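# Examining the three-dimensional arrangement
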Amino acid sequence: MDRLLLLHVAALLFLARGVWPYSDKTVEIVELVVPESPKVGDDVTLTCRFNLVGNNHRLYTVNWWRGKDQFYTYKGAAHNNPKHAYTFKGINVKEEASTEESVVLQDVSEETSGLFKCEVMGEGPSFRTAVANKTMTVVIPPSEVKIITRPAANPPVYHIGERIHMNCTASRAKPRAAIYWEINDLPVNERDVQSRGGYEDHRGRVTSTLSLSWDPPAYFKDSVARVACHAVVGGHKTTITKDIYLDPASSAALNHLYASKGCQLSAAWTLLGLASLALTRRSL
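From a predicted model like this one, the values you see are computed outputs, not experimental measurements. (Residues numbered from 1 in each chain as written. Predicted model: local features only at pLDDT ≥ 70, side-chain atom pairs only at ≥ 80, totals over all residues. Heavy atoms only, no water.)

What the chain contains, in helices and strands, is three helices and 17 strands. Classification of the 284 residues of the chain by burial places 36% in the buried group. A sequence separation of at least 24 residues applies to 61% of the contacts in the chain between residues at least 6 apart. (Helix = DSSP H or I, 4+ residues; strand = E, 2+ residues; numbered from the N terminus. Buried < 20%, exposed > 50% of the residue type's maximum accessible area, 1.4 Å probe, protein only. Contact = heavy atoms within 4.5 Å.)

Structure below.
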């Protein structure tokens, strides 16, 4: 009976010698960095930071996938040539800039978009493994952002009592651009803007328009209104500006009527307005 017990103990010790050296070894991915919405044409760096936990636990491989496509492998330092890159549609690895923790994709396109996965594997015989993934969607900023004023004068000059109408159009963005207006670096009142809809082409790129209209002298400062239209796609902003002016004659008249309310214009504009009034009277 004692002999049988000794045999059981010996067997357990034998098995333990094969198990315990690896039971404390684990792989942890502590950070996965995949840009959520880079713009088309960018170079993008994907980063997978990890820890190999356990005594003398060494790296076997780091593998990267986009969907089912494995596009980059980094093998443990024991290999003379640890980097291996593979090309797929929308995937072009900058191998010389890539490391065991990061991989650089050159000139990303719409086709680059997808679910990206990092897999880190420790050395055998345990081959402990950790996996993490994130989605990346490549965006296309507008090919053009344009402000159109009505009437299309150059420079655009308006009179008191004349309503100002402007359109901002962001062309061929994917996804649709979020458009908003500012005048003299301040947001405009929502009641002064109106969406004009848009249309989508066969590639899914959207052209959209936002209108702005108001009655002067609102928003003007020293008879000038610097109008800015911002179009934002995936955190990437495109801005265009246009300066419009209040007519000197009507500005001078308004300044005279409402000076007590603090609505004064610059001296240069006032003199210009008075000169304009004098010339008008002389012509009569």
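After presenting the structure, the write-up continues.
All right, on to the environment of C168 then. The residue C168 is located in strand β11 (residues 164-173) in this model. The sequence separation of C168 and C229 amounts to 61 residues, and the corresponding C-alpha distance is 6.5 Å. Apart from the residues lying within four places of it in its own chain, the contact partners of C168 are V145, K146, I179, W181, S208, T209, L210 and C229.

Another aspect to go through is the sheet that holds strand β2 (residues 44-53). Adjacent strands of a sheet pair through backbone hydrogen bonds, lying either parallel or antiparallel. In space, the three strands of this open sheet follow the order β1-β2-β6, with antiparallel pairing throughout. Two strands close off the open sheet at either side, each with one partner strand: β1 (26-33) and β6 (102-105). With strand direction ignored, the average angle separating the axes of adjacent strands in the sheet is 20 degrees. Both β1 and β2 contribute to a ladder of seven bridges, which runs antiparallel. (Pairing = 2+ DSSP bridges. Axes fitted to C-alpha atoms, helices over the stretch in contact; angles between N-to-C directions.)

The strand order across the open sheet formed by five strands is β10-β17-β16-β12-β13, and the pairing between neighbours is mixed. Across the chains shown, the open sheet's two edge strands, defined by having one partner strand only, are β10 (157-158) and β13 (186-187). Examined bridge by bridge, β10 and strand β17 (residues 236-246) share two bridges and lie parallel to one another. The partner of Y158 across the bridge, within β17, is L246.

We now examine the pairing of β17. Strand direction decides the pairing type here: strand β16 (residues 224-233) and β17, joined by 10 bridges, are antiparallel. Following the sheet pairing, C229 is matched in β17 by I240.

A few words on unusual backbone geometry. Residue P125 follows G124 across a cis peptide bond; omega there is 10 degrees. Position of P125 among the secondary structure elements: in the loop between β7 (114-122) and β8 (129-136). Cis geometry marks the peptide bond from P216 to P217; its omega dihedral reads 15 degrees. Locating P217 in the fold gives a position in the loop between β15 (206-214) and β16.

Geometry only, nothing functional implied.
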